[in-house]
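Residues per chain, in single letters:
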Amino acid sequence: MAPDPLNTPPRRRALTDLRAKSLPRDDPERLTAHLRTVHDTVAKLEARIGAAGIIATEPLFWTHVRAAALLHDAGKIAEMFQRQLEPGGTPWGERHEVLSLAYVDLLAPAAGWSGEERLLIATLVAAHHRPLHSESSLGGGKPALARQYNEQTRWEGAFGHLPGGRLPQVPRGLHQEFLAWLAGFLGTEPTPPGPNDPVLAERARVLLQEVLAAWQLPVKAHQGLLVALGQGALTLADHAGSAHVDLQTHMPLPVDYLARLPYTPHPHQHDAGATVGHLVLVAPTGSGKTEAGLAWAARQLATMPGLPRLVWTLPYRASLNAARRRFQETLHPAAGENQPDIGLLHGALARTLLAQALEDDCCSPTKDDARKARARANAMRLFTQRLRVATPHQLLAAAIAGPTHSSVLLEQANSLFVLDELHAYDPETFGRLCAAMRLWEQLGSRIAVLSATLAPPLLALVDESLHQPVTCHRAAPGTAPVRHRLVIDDLPLTDPDSIARLEDWLSEGHSVLVVVNTVATAQELFTALNEHARQTRPDDADAALLLHSRFKNKDRDAIEERLLQRHPERRPDEQRRRGGIVIATQAVEVSLQLDFDRGAVENAPIEAVAQRAGRVNRRGLHPDGPVEFRVHRTASHRPYDQGAVDAAWSALTTVVGEGRDTLSEEDVDRLLALAYDTEWGHKWAERARLARDGFSEEFLTFTDPFHDRTEHARNLGERFDTVEVLLRSDIDEYRQLAVGKNADPLLAAGLLIPLRYGQLKTYNATFDRALGIHLIDGQYDPVLGLRPPVEPETIL
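Keep in mind the model is a prediction, meaning the values are calculated, not measured.

Student: Looking at this structure, how should I read the overall build of the chain?
Tutor: A tally of helices and strands in the chain yields 29 helices and 18 strands. Taking all 796 residues of the chain together, 60% fall into the buried category. Considering only residue pairs separated by 6 or more positions, the chain has 79% of its internal contacts joining residues 24 or more positions apart. Counting every atom, the chain has about 30,200 Å² of accessible surface; 51% of that belongs to carbon and sulfur.

And the structure:
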């Protein structure tokens, strides 16, 4: 008869025999080595973040996190845990972090921790994998500790003895050796045991009950935020240490960035580079706004503690790769590298990797171990780089907190946030961003807002949302020359007469930009004009290009590369007509440095109209002087707010009626003032304030920092009405790229397509829990993109 593994006497283990992980298979990581690594990683986090913002109010913040790092996995000493790591091992079924609490209790007197410190360290240890409480009986993610351990728990059976009740879970000699090692690491001696000391299981029970009781009811917001940051520090150190991923110290942005520009800086660039603290910069498209933002960030680096991160945010996911390429081409790599390491990971895959990184690697070796290790390493790359591009939605995931996202929250402390093209958001999103700015300021971070079109109500909202002074700089009048002759046209762009005009421009040799509001319209016009454009340039493979956000990321990246090569900014001595046509949605409005001879666009919110104009005669270098820019009336307001589109058309007709036929900086300011001095404009500001205050109250108070917030994650995604999806036909390739042996998250993200939540049903979407992604049906073409099945809408 085969022996019963549960009743097999434990083999004599020495301290060096204890393992923390089941990997690497040939020599799994030792428990003491893992604890030391996580402890040391906390020190690296402290070097990066320091005593920034609210952390400065708790001088022992990092001391407590280091203590929790040393003890977070102490419970892995349990014999049943060690057995489950072995090939074919039986799952233990208990939580090792609960047993770790016994060692927090044992070492508290020797370490000199007060009752409050003991409770705080215990809280961080207990909550580094699971929520303490769930919002409902169903919960949303993994079972909360309060549900797994309750009045029915048999503590001695769980943590005191092996099954059968005769053999100890933690042999005395091993326990004493481990306790001495932990105490030595803390620079103390363990307290001598007394005859009536409680056993490990009882210590764990009592301390867990204290922890659960302390966080069952809401706490003060200040306290909740601090402890959520502590949780983030511990979980980030744990997973970075487990993945053996180092936090980078090199910053690709040099502190003397402004002095290195190959030209004399414009006055607004110099002003931005001299500003210390929050900044709002309003400057025309093509006037070096990006360089001004980088100059501001470089100035902050010299005046902030630690090693701040720079996070550059853009409104559209479609813009991220273009911004990343631009930084890779212009900033400075670390020694030994060919190009700077700029962080980028698309939202859906980032969330999946973070969730997978949190999975326990504490079971017997399986074929899934390598996938988990790769997921953890790839997830940790979210945090290693000091310069990252992102969308605000990715950053606001920090509001979910908890074991999965509290590390995202921590990484927003002592950081620099550049919000590029802040005007591009609807009032609800703008309000949430203002709430986030308020939180970032509380975390010791600084914010710069860059825009070519920031209306006065938007500027007022930014200023009132921040407590510290906000410096506002505007480019001097005349920074950009008059570039456009404005024409408003009552005919839609799809009208035969409008199409005929576009064909005439192409026949005359002009390069033409057409920007419409929906993917369906873009695809329709591209189909109508493609052949004529190619006839005018028969040897040009890129005579006609289509760009919108409903391409696979990799296909859109390739199109953007071709666009930048085909339609770069005009040189001062360039006289020729370039020809060719680009038909796009608002995906073309941000980050792409393009230049066209003529422009025809659909009416849209006034900021979008101005941004579209900024891609036509971008620097005013066209040999004909100001060029024609036509704004066409649309039959439908979608996907924009009706009031925004109506206010824009009213402003445009008013300006033209005043005898203005240009789009100078002063004209744009006039258009903004007219559009927002309407009933719609006043309601816009009111909606933004309500969204800001509501988002702060619902998501950013952290009064229940250790409750299961999975439902918050769903609500947050739906509030932004955005999701990335995968065609069912691509699932095998995606699986290999996302979690396969040679996984590459950026290549995997290249298969994803942005959609709106409301469109999932129209594409028969289902959710793949293993991959954490929505799968859709649909017709897809690498030239035309994903075809709309029912309603023609693009992605905002």
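Student: What is the right way to look at the environment of G50 in this model?
Tutor: Mapped onto the elements of the fold, G50 is located in the loop between helix 1 (31-49) and helix 2 (61-71). Look at G50 and you get buried, because its relative accessible area is 13%. Spatially, the C-alpha atom of G50 lies 9.8 Å from that of F61, the residues being 11 residues apart in sequence. Look past the residues within four positions of G50 in its chain and what remains in contact with it is L45, I55 and W62.

Student: Quick question: what am I supposed to make of the sheet that holds strand 13 (residues 723-727) here?
Tutor: Strand pairing in a sheet relies on backbone hydrogen bonds. The paired strands run either parallel or antiparallel. Read from one edge of the open sheet, four strands run 14-13-16-15, paired in mixed fashion. Sheet topology places strand 14 (753-755) and strand 15 (766-768) at the edges, where each strand pairs with a single neighbour. Going from strand to strand, the sheet's axes swing by 50° on average, the running direction of each strand aside. Summarising the sheet, strand 13 and strand 14 pair through three bridges and their orientation is antiparallel. Counted as the bridge partner of V725 is I753 from strand 14. Contacting strand 13, strand 15 and strand 16 (773-776), helix 28 (residues 731-739) runs over the sheet at an angle of about 120° to strand 13.

Student: It is not clear to me how the pattern of salt bridges should be interpreted in this structure. Could you clarify?
Tutor: If the charged atoms of two oppositely charged side chains come close together, the side chains can form a pair. Per the stated rule, a full pass over the model turns up 46 salt bridges. Notably, a salt bridge pairs E79 with R83, separated by 3.0 Å at the nearest N-O pair. Taken together, the residues E79 and R83, both in helix 3 (residues 79-85) and four residues apart, mark about one turn of the helix. In terms of burial, E79 and R83 fall into one category: buried.

Student: How do you make sense of the sheet that holds strand 6 (residues 470-474) when you look at a structure like this?
Tutor: Across the sheet, which stays open at both edges, the six strands sit in the order 3-2-4-5-1-6 with parallel pairing between neighbours. For this open sheet the edge positions go to strand 3 (387-390) and strand 6, each flanked by a neighbour on one side alone. With direction set aside, neighbouring strand axes in the sheet form an average angle of 15°. Relative to strand 6, strand 1 (residues 278-282) runs parallel, the two sharing five bridges.

Student: Is there a simple way to explain the nonpolar core in this structure?
Tutor: Soluble globular proteins tend to pack their nonpolar side chains together in the buried interior. Ranked by size, the top nonpolar core spans 177 residues in total, and within it Y103, F178 and M437 carry the most contacts. Apart from the residues lying within four places of it in its own chain, the contact partners of M437 are L419, L422, I447, V449, V462 and L466. Of all hydrophobic cores here, the second largest spans 34 residues; its members include L281, A292, W296 and A298.

Student: Got a minute to help me understand the pairing of strand 2 (residues 309-313) in this structure?
Tutor: Within a regular strand, side chains alternate between the sheet's two faces. Most of strand 2 is tucked away, with five of its five residues classed as buried. Burial along strand 2 is two-sided: R309, V311 and T313 and L310 and W312, pointing in opposite directions, are all buried. Inspection of the sheet shows strand 2 paired to strand 4 (residues 415-420) by five bridges, in the parallel sense. Residue pairing in the sheet places W312 in a bridge with V418 of strand 4. One ladder, built from four bridges, connects strand 2 with strand 3; its direction is parallel. Paired with L310 across the bridge in strand 3 is L387.

Student: Is there a simple way to think about the pairing of strand 5 (residues 446-451) in this case?
Tutor: Counting buried residues in strand 5 gives six out of six residues, a clear majority hidden from the surface. Because side chains alternate across strand 5, one face comprises the buried residues R446, A448 and L450, and the other comprises I447, V449 and S451, equally buried. Bridge count between strand 1 and strand 5: four bridges; the pairing is parallel. Counterpart to L281 in the pairing with strand 5 is L450. Both strand 4 and strand 5 contribute to a ladder of five bridges, which runs parallel. Bridging from a neighbouring strand, F417 pairs with I447 of strand 5. What joins strand 4 to strand 5 is helix 18 (residues 427-442), and the crossover it makes is right-handed.

Analysis parameters
- Residues numbered from 1 in each chain as written.
- Predicted model: local features only at pLDDT ≥ 70, side-chain atom pairs only at ≥ 80, totals over all residues.
- Heavy atoms only, no water.
- Helix = DSSP H or I, 4+ residues; strand = E, 2+ residues; numbered from the N terminus.
- Buried < 20%, exposed > 50% of the residue type's maximum accessible area, 1.4 Å probe, protein only.
- Contact = heavy atoms within 4.5 Å.
- Areas by Shrake-Rupley, 256 points an atom, 1.4 Å probe, with all protein chains shown as cover.
- Pairing = 2+ DSSP bridges.
- Axes fitted to C-alpha atoms, helices over the stretch in contact; angles between N-to-C directions.
- Salt bridge = Lys/Arg side-chain N within 4 Å of Asp/Glu carboxyl O.
- Core = buried A, V, L, I, M, F, W, Y, C linked by side-chain atoms within 4.5 Å.
- Right-handed = clockwise from strand over helix to strand, strands pointing away.

Coordinates in, geometry out; function isn't part of it.
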